[in-house]
Amino acid sequence: MPENPLYDRLFGRHAGRQTPFLHLPSGETITHDAFVRRAARYANAITQIGLLPGDRLAVQIQKGPEALAVYAACTQAGVIFLPLNTAYTPAELDYFVGNSGAKLLLCDPASETALAPVATAHGAVLATLGADGSGSFAERAAAQSEHFETTARSEDDLAAFLYTSGTTGRSKGAMLTQANLLSNSEMLVDYWQFTASDVLLHALPIFHTHGLFVATNVTLLAGGAMIFLPKFEIDAVIAALPKATAMMGVPTFYTRLLDDPRLTRDLVAKMRLFISGSAPLLAETHQLFEARTGHRILERYGMTETNMNTSNPYEGERRAGTVGFPLPGVELKVTDPATGAELPQGEIGLIEVRGPNVFKGYWQMPEKTAEELRENGFFITGDLGHVDADGYVTIVGRNKDLIISGGFNIYPKEIELVLDEQPGVLESAVIGVPHADFGESVVAILVARKGETPEIEAIRTRLRDTLAGFKQPRAYVLMNELPRNTMGKVQKNALREAHARIFSEAAEAG
Ligand code: MLC
Ligand code: AMP
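Residues numbered from 1 in each chain as written. Chains lettered and ligands numbered in written order. Predicted model: local features only at pLDDT ≥ 70, side-chain atom pairs only at ≥ 80, totals over all residues. Heavy atoms only, no water.

S.K.: Any chance you could explain the side chain of Glu 414 here in plain terms?
M.R.: As for its position among the elements, Glu 414 is in helix H13 (residues 412–420). The buried category is assigned to Glu 414, whose relative accessible area is 14%. In this structure Glu 414 touches Glu 92, Ser 165, Gly 169, Leu 467 and Lys 471, once residues within four positions along its chain are discounted. (Helix = DSSP H or I, 4+ residues; strand = E, 2+ residues; numbered from the N terminus. Buried < 20%, exposed > 50% of the residue type's maximum accessible area, 1.4 Å probe, protein only. Contact = heavy atoms within 4.5 Å.)

S.K.: Quick question: what am I supposed to make of the site of ligand 1 here?
M.R.: Taken together, the neighbourhood of ligand 1 is formed by 25 residues, with Lys 231, Ser 278, Arg 300, Ser 405 and Arg 464 sitting nearest. Within the side chain of Lys 231, an N or O atom sits 2.7 Å from an oxygen atom of ligand 1. Within the contact set of ligand 1, a nitrogen atom lies 2.9 Å away from a backbone nitrogen or oxygen of Gly 407. At the level of elements, helix H8 (209–222), helix H10 (251–258) and strand E13 (298–303) are the ones that each hand at least two residues to the shell around ligand 1. Taken together, the residues that form the shell around ligand 1 break down as 10 nonpolar, 10 polar and five charged. (Near = heavy atom within 4 Å. Polar contact = N/O pair within 3.5 Å; in protein donor to acceptor, adjacent residues only side chain to side chain. Nonpolar A, V, L, I, M, F, W, Y, C, P; charged D, E, K, R; others polar.)

S.K.: Can you help me understand the site of ligand 2 in this one?
M.R.: The full set close to ligand 2 counts 16 residues, and Arg 300, Thr 304, Asp 383, Lys 400 and Asn 409 are the nearest of them. Contact between ligand 2 and Ser 278: a nitrogen atom at 3.1 Å from a main-chain N or O atom of the residue. A distance of 2.8 Å separates an oxygen atom of ligand 2 from a polar atom in the side chain of Asn 409. For the shell around ligand 2, the secondary structure elements donating two or more residues are E13 and strand E19 (393–398). Of the residues that constitute the shell around ligand 2, the class distribution is seven nonpolar, four polar and five charged.

Dropping the structure here:
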């Protein structure tokens, strides 16, 4: 049998297991064995289309067993999996397909017409797969064998590209190997004590690290099941909680649950673990959640390029406002942003991490890779933090111009580039300010060209065609000029302070 560690350990070893893997909203349950057989049919279809090991498969489809089976099939066929946010517009997809050189673009049947020009422009095959099992890829897969001869791969081979936006406004494809993914999720199974008895409430998207490589890989390695919801929808989550043993979520999940009177101790009596990550969890949310449910949320910290870096302990004190300890095998240091020198314990600086979890670099961007990944293996996260005397890491801010809204990363530069092109706009600055639901949300500051007045409504409409919904500014402000320091750099801190209450004031005003 050829070896393929990622496939073998996540999927292959479940062949023949008639245990539940996915509980779906329809009431249907897919067993581990049925899932492995479906993945093999998909792997045959992918190979028949002509993809070879190392080729990229870009996929933008609704969350469901189909999307997950594409991931498994890529793993089995040695194809690099490139999942894309379902909110991305065709203009955004054009970049990812072009940059990655994807050979196959799988999309929802509803997007076929809009994405056909993208596939044609980049010489990719376009096939469709709907969450209801419809589409040209689904038809092709239905005719395939349930057996696929697993492609041999080693742990150093690339398993996935996840695109992460950049400060320049150009997204970078983070190259993740089998070893990056396996080492991290194997360790997390142990650290968070996942077993085959676990039922994970899965309401996250599966095109990002959190929902895919943390939630799904951990469950697969443990051999457990998932209640697989298409998205976080409060009624469905409340209904599922009594049947689950664990949940992973972004802080918005927890604030939305706290806003619902149905969240009680009784509702979550069967749960053993609530985990939060992808964005800062307010200490207040942690405390309110404990008071209401008796559960101390376990907060951890990670990123696309590194998977998970730190975690509060499973047993032992889960300290609110901290992200816990560096995980086993992960080295973490805090450095001076100016010199790169390691700082003494307790001082605030840039967080750098090294370990088997750290990615291999950005696809075809050696300069970008060299800027963030040191030759000695340490990755400069761009997050600012410190380590306390007990070893707990606290993240205090970011050295990168990044907004995290409801767990989605938004790079201001990408939006500013579009705003600067709008009629009547001389220049712009995009900032993130506190937002009760999303943690942070996007504000666009515009400076008008002399004698002109930008039409905000028209700009709003045009941005909708270009940028995904979650990136849209939720407030626009016109200013005479942008505050700048002596170097001419826009002072975003001053802007953030000046507009810090824009959403809370709007909420108070109704
Ligand atoms: C949706 N919308 C958002 C948004 N999500 N706006 C800002 N920020 C967000 N996060 C917008 C849509 O464009 C739409 O706008 C409107 O809100 C309703 O869409 P929806 O799909 O119904 O939204 P909702 O259910 O409210 O989604 C919110 C959410 C979701 C928080 C449940 O965004 C989510 O699941 N976030 C998780 C993100 C995640 O998994 N991050 C992990 C990254 S990995 P309109 O105007 O069209 O109505 C990572 C590493 C690590 O960071 O450490 O884990
Ligand atoms: P991404 O690039 O989407 O993977 O997002 C990674 C970023 O999310 C990190 O660099 C952090 O800024 C942020 N992040 C992830 N987890 C946490 C956390 N628990 N607390 C604060 N920030 C977090």
